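Commentary on secondary and tertiary structure
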Amino acid sequence: MKIVIIGGVAAGAKAAAKSRRLLPEAEIELYTEDTHISYSSCGLPYYIEGNFEDYQQLLVMSPQDFEEKNVHVFLRHRAIKILPAYNKIIIDDIEGKNVIVVDYDKLILATGARPIIPSIKNVNLKNIFTLRKIEDGIAIKEITKKSKRVAIVGGGYIGLELLEAFVRQNLHVVLFEHNPFLMKNFDEDMSNIVMEQLKTAANGRYEIYTSEMVTEFSGDMNGVNLVKTANGIEANVDFVVIAAGVTPNSEIAGDAGIELGYKNAIKVNHRMQTNIENIYACGDCSEDYHIVSEQKAWIPLGSTANKEGRTAAINVCGGDEEFKGVLGSTVTRCLSLTMSMTGLTVKDAQNWGFDPVSVTVTKNDKVGFMPDVNNITLKLVGDRKSGLLLGCQAVGTGDADKRVNVVTSALVGRLTVKEFYNNDITYAPPYSPTIDPLLNAAQILVSKIENSDL
């Protein structure tokens, strides 16, 4: 059997490695238009920040590693057309400047996602970057070494991670977000806490502007040097990074008659199968199933891509594996501030037909006499009618993410808020107050749900 994989970062590389373990005799080929495979794109901001100097530490496996396992990797090869009726793909050999036709028995699409480029005047000026691939990280790190001022367009995960990276490299940073809030995946009250805490910590090292639409870049033959917004704000810069989100690379699938789903991601079932026989999709190009809402979603994350790549490989190789879905569990850090969430926010819950009830508490993350005690703000969301626990958000300089990780298991188990309150969470002064903030929030939420009809 011949297995062909298109894309080779997280999902594609995982699918290739798993397929080889399951079918030692299969012919496996992996095609990617990238210059590297099997790397941690999530680690790029920390490479730019200076946590390590050699970008190769981001690489999990090299093409040579795959070749030693008899998986043939073709770098700088772009898939341009799928012919499902003939089990063939037309591929552009970018370096060789010719086109080849590749046969397959089973096809795995792991084409990923690409950065969204907003409609901004002069967006193609030199020294305007996005951050997605190894080359992006190398280029940004190099220009960082000889720069003093940078603008970031976008206040989501990548934007805030880069804010930290550039501040650590002693650059003055100006961040523009066109929404009224940073981290728009969170509820507005939690996003407000992020904004307030980051502004408090700024100390002249950076500026953050929300509700500001960047409309124009200006520059000269050396590249961009000025950023302008619709409200008349101007910022002098040495370079710019656009971090305005991503969109799935699904066009080649759609052109081949493969059904697209939520947000134009490739529609798949729990076995990662598309609507066309022998074609599977996984990773950032494919849609997800949300465990709490029980609806289709699109939440591109490296951890999910690895799980989906594994599932696709098992089924391609004759197994019977299901990927149950996602919770949208995320965590990131910006200058000692942790932001984490799982499940549904209040606004998400409303959109999916729930009647959400929420509680927000701010507590110490450990006993107050401990020298490293810090505050965290937790928000728990439940459903008024069923009592189900729906989600959690956490922001603070303390251990916010470990509370969110506790909630993930409760969401997978579809616990009610009352059932979750009976959780036996560990306690010791260096790790938690006697009553953990999670249980404190759950107790209040139980009362709120039970008394909501009074």
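Scroll up for the structure.
A brief structural summary. Just so you know, these numbers come straight off a predicted model, no measurement behind them.

Counting across every chain of the model gives five aromatic pairs. Pairing tyrosine 47 with phenylalanine 52 gives two aromatic rings, centres 5.8 Å apart and planes at 35°, and the pair type is tilted. You can call tyrosine 47 buried: its relative accessible area is 4%. A residue is classified by how much of its surface remains accessible, and phenylalanine 52, at 17% relative accessible area, is buried. Through a chain of ring-to-ring contacts, three or more aromatic side chains come together here, namely Phe129, Phe166 and Phe239. Residue placement shows lysine 141 over the ring face of tyrosine 47; its charged tip is 4.8 Å from the ring centre.

So, about the pairing of strand E24 (residues 375–383). For E24, the tally of buried residues reaches eight of nine residues, placing the bulk of the element in the interior. Bridge count between strand E23 (residues 356–364) and E24: nine bridges; the pairing is antiparallel. Looking at the pairing, serine 358 lines up with valine 381 of E24. Linkage of E24 to strand E25 (residues 389–396), two consecutive antiparallel strands, is achieved through a turn of five residues, within which glycine 387 is found at a positive phi near 80°.

Note that phenylalanine 239 resides in strand E16 (residues 239–242). Considered as a pair, phenylalanine 239 and serine 147 are 92 residues apart in the sequence and their alpha carbons are 7.8 Å apart. Contact partners of phenylalanine 239, with chain neighbours within four places excluded, come to Asn127, Phe129, Ile140, Ile143, Thr144, Ser147, Arg149, Val150, Ala151, Phe166, Leu171 and Val224.

Below, the discussion takes up the sheet that holds strand E11 (residues 172–177). Spatial strand order, E9-E16-E10-E11-E12: five strands in an open sheet with parallel pairing. Each of the sheet's edge strands pairs with one partner strand only, and the pair in question is strand E9 (128–129) and strand E12 (206–210). Relative to E16, E9 runs parallel, the two being bridged by two bridges. Paired with isoleucine 128 across the bridge in E16 is valine 240. Along the sheet, helix H4 (residues 134–145) contacts E9 and E16; its crossing angle with E16, the most-contacted strand, is approximately 150°.

Among the structural elements, asparagine 249 can be located in the loop between strand E17 (246–248) and helix H7 (251–255). Ignoring any residue separated from it by four or fewer positions in sequence, one finds asparagine 249 in contact with Thr111, Gly112, Ala113, Arg114 and Cys285.

Turning our attention to the sheet that holds strand E6 (residues 98–103). Read from one edge to the other, the open sheet built from three strands follows the order E4-E5-E6, with strand pairing classed as antiparallel. Among the strands making up the open sheet, the edge pair consists of strand E4 (77–83) and E6. Strand-to-strand twist in this sheet, taken as the mean axis angle between neighbours without regard to direction, amounts to 25°. In the sheet, E4 pairs with strand E5 (residues 88–93) via six bridges, with the strands oriented antiparallel. Residue pairing across strands places isoleucine 82 opposite isoleucine 89, the latter belonging to E5.

Basis of the calculations
- Residues numbered from 1 in each chain as written.
- Predicted model: local features only at pLDDT ≥ 70, side-chain atom pairs only at ≥ 80, totals over all residues.
- Heavy atoms only, no water.
- Phe/Tyr/Trp six-rings, centres within 6.5 Å; stacked < 30°, edge-to-face > 60°.
- Buried < 20%, exposed > 50% of the residue type's maximum accessible area, 1.4 Å probe, protein only.
- Lys NZ or Arg CZ within 6 Å of the ring centre and 35° of its normal.
- Helix = DSSP H or I, 4+ residues; strand = E, 2+ residues; numbered from the N terminus.
- Pairing = 2+ DSSP bridges.
- Contact = heavy atoms within 4.5 Å.
- Axes fitted to C-alpha atoms, helices over the stretch in contact; angles between N-to-C directions.

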